[in-house]
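Examination of the molecular architecture
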Amino acid sequence: MAVSSSNQHAPNKATRFVGICIQRLGCGLRANFTLRNVIKHIGTEMKYQLYDPTIQKIEVLRLERRLDDELLYLRDAPNEYSTFDENMEVEYLPEGVPVPVNPEMVKLKPRPWRARWERKNMKGLADLGLEDRFYERAEELATPWEKYDLMKHYRKTIPEEEQKEIFAEVYSELHEVEVMRKKLKRKKVFIKPTKNV
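Residue positions are given per chain, counted from 1 along the sequence in the order it is written. In view of the model being predicted, local features appear only for residues whose pLDDT reaches at least 70, and side-chain atom pairs are presented and counted only at 80 or more, with totals across whole chains, interfaces and linings using the full set of residues. For side-chain calculations, the full set of non-hydrogen atoms in the structure is used, while hydrogens and water are omitted.

**As for the environment of Ala77**
Elements are defined by DSSP. Helices are runs of H or I of four residues or more, strands are runs of E of two residues or more, and each kind is numbered from the N terminus. Note on placement: Ala77 falls in the loop between β6 (55-59) and α1 (132-141). Remark: exposure states derive from per-residue accessible area (1.4 Å probe, protein chains only) relative to the maximum for the residue type, with buried under 20%, exposed over 50%, and partly exposed in between. Since its relative accessible area comes to 1%, Ala77 is described here as buried. With 87 residues separating them along the chain, Ala77 and Lys164 place their C-alpha atoms 40 Å apart.

**Comments concerning helix α2 (residues 150-157)**
Because an α-helix completes one turn every 3.6 residues, residues spaced three or four positions apart along the sequence face the same direction. α2 sits mainly on the outside: zero of its eight residues count as buried. Any N or O atom pair separated by 3.5 Å or less is treated as a polar contact, with the protein-specific requirement of one donor-capable and one acceptor-capable atom, and with residues adjacent in sequence counted only for side-chain atom pairs. One side-chain oxygen of the residue at the start of α2 lies 3.3 Å from the amide nitrogen of Met151, identifying that residue as Asp149.

**Observations concerning the pairing of strand β3 (residues 20-25)**
Looking at chain direction, β3 and strand β4 (residues 32-39) are connected through five bridges and run antiparallel. Residue Gln23 lies in a different strand from β4, and its bridge partner there is Thr34. Strand pairing is defined by DSSP finding a minimum of two bridges between the two strands.

**Quick notes on a nonpolar patch on the surface**
Patches were defined on residues exceeding 30% relative accessible area and lacking a salt bridge, with like-charge contacts within 9 Å and nonpolar side-chain contacts (Val, Leu, Ile, Met, Phe, Trp, Tyr) within 5 Å. Reported accessibility uses the Shrake-Rupley method at a 1.4 Å probe radius. Residues are deemed covered only where the shown protein chains occlude them. Put simply, a salt bridge is a Lys or Arg side-chain nitrogen that is within 4 Å of an Asp or Glu carboxyl oxygen. Residues Met151, Tyr154, Ile166, Phe167, Val170, Tyr171 and Leu174 make up a contiguous nonpolar surface patch of about 680 Å² in total accessible area. At the level of elements, α2 and α3 (160-189) are the ones that each hand at least two residues to the nonpolar patch. When residues in the nonpolar patch are grouped by element, the largest group, five residues, is from α3. Residue position: Met151 is located in helix α2. Among the residues examined, Met151 registers a relative accessible area of 49% and is labelled partly exposed.

**Some words on the pattern of salt bridges**
Two side chains with opposite charge may pair up if their charged atoms get near one another. Under the counting rule described, the total for this entry stands at eleven salt bridges. The partner of Glu104 in a salt bridge is Arg66, with the nearest N and O atoms 3.8 Å apart. With Glu104 in the loop between β6 and α1 and Arg66 in the loop between β6 and α1, this residue pair connects regions lying 38 residues apart in the sequence. Classification of Glu104 by relative accessible area gives partly exposed; the value is 35%. Note that Glu178 and Arg181 form a salt bridge whose closest N and O atoms lie 2.6 Å from each other.

Set out below in structure tokens:
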């Protein structure tokens, strides 16, 4: 992808960043995505808010799917997997052709890594070359049922407007419960005096 955005310090008042999309998060007005490229042998990442008013243009230069939804493991891979020409041109697909899948398997650098990739169940990683104990521990900690957790998925994708409305209702209910609790507490503390004969 290539993103052109306004920059008052640039000579032509705009900058263009080309990179591979390694992550997309949020929804609605909070949607954002991260691009990665290697520039002058340094891994560079730019995170953009999808509805940022300073963004002038977003171009898809090469449309393809990868084996994984997130490509954060490219941070631990050699630079060749993340290097793209800054002057890359758009590659057009013929109309009606399905989006091609890139079956490339990424070989990581030796450990240490930024995450325990053996626990993430990534399909696009080549053999990590770890001992069996790492994979046994990954199986112990695996949570395959989470992909069926509809509430977790809903919480990640709920639009901000709906979220504010729901939280306002929840907070008002919590406030009422707290007021009732304090009233009951006062009743319990108060002891009616009795006359001594």
